[in-house]
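What follows is each chain in one-letter form.
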Amino acid sequence: GRIDSDLDGAFRLCVQFCQFIAKLNNGCSVDAPRKLFEWAMDYRCYTLEILQKDLEARVNWGSDQQPIIHEFDMSGGGETKLVDDAKLAFAFSERLDAKKLFFVC
């Protein structure tokens, strides 16, 4: 469902997916083009696992592949690899004013 941006926990996620070769389970290799996705979610109950499921619904890759997700700091702080839910929660807490997070995969 759509999340109203007036809600306390509402955040917008922007994910830049770089071009990559998807190695599908049927043995095919597919060129996956660079894409930008954006969607709204509630950060208070959002985990790295949910983020990966949300990405899987949008990008096709093989089961032996795993996206490496980095949070991108728009103010020039560079990229931080998201290794666990604590890093993700910290990224949300640092962006509470903007209510927007940028990820690069």
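Keep in mind that this is a model prediction, so the values were computed, not measured. Per chain, the residues get numbers from 1 upward, laid out in the order the sequence is written. Since the coordinates come from a predicted model, pLDDT governs what is reported: local features require at least 70, and pairs of side-chain atoms require 80 or more to be given and counted, while whole-chain, interface and lining totals use all residues. The side-chain quantities take in all heavy atoms of the structure and omit both hydrogens and water.

S.K.: How would you summarise unusual backbone geometry if you had to cite specific residues and measurements?
M.R.: Phi is mostly negative for residues that are not glycine, and the peptide bonds are mostly trans. One non-glycine residue, lysine 99, lies in positive phi territory at about 60 degrees. Relative to the helices and strands, lysine 99 resides in the loop between α2 (85-94) and β7 (100-104). A simple rule labels every residue: compare its accessible area, found with a 1.4 Å probe on the protein chains alone, to the largest value its type can have, and call it buried under 20%, exposed over 50%, or partly exposed in between. For lysine 99, a relative accessible area of 27% puts it in the partly exposed group. Helix and strand definitions here come from DSSP, where helices need a minimum of 4 consecutive H or I residues and strands a minimum of 2 consecutive E residues; each element is numbered from the N-terminal end.

S.K.: Give me the lowdown on helix α1 (residues 48-56), citing residues and values where you can.
M.R.: Within α1, burial applies to Leu48, Leu51, Gln52 and Leu55. Mapping the buried residues of α1 onto a view down its axis gives an arc of 100 degrees, with all of them on the same face. Set apart from the buried face of α1 by more than 90 degrees, the exposed residues are Glu49 and Lys53. We call two residues in contact whenever any of their non-hydrogen atoms come within 4.5 Å of each other. In this structure, the buried residues of α1 make contact with β1 (10-17), β4 (35-42), α2 and β7. It is the directions from the helix axis to the C-beta atoms that the arc portrays.

S.K.: I'd like a description of the sheet that holds strand β6 (residues 78-81), backed by residues and values.
M.R.: As summarised here, the arrangement of the 5 strands in space is β4-β1-β7-β5-β6, forming an open sheet in which the pairing is mixed. One side of each edge strand has no neighbouring strand; the edge strands of this open sheet are β4 and β6. Neighbour-to-neighbour, the strand axes of this sheet turn through a mean angle of 30 degrees, independent of strand direction. DSSP-based pairing: two strands are paired if at least 2 bridges between them are found. Note that β1 and β4 share 8 bridges and pair antiparallel. Looking at the pairing, leucine 13 lines up with tryptophan 39 of β4. Note on geometry: axes are lines fitted to C-alpha atoms, helical ones only across the stretch in contact, with angles between N-to-C directions running from 0 to 180 degrees. Together, β1, β4, β5 (70-73), β6 and β7 form the strand contacts of α2, whose direction differs from that of β7 by roughly 135 degrees.

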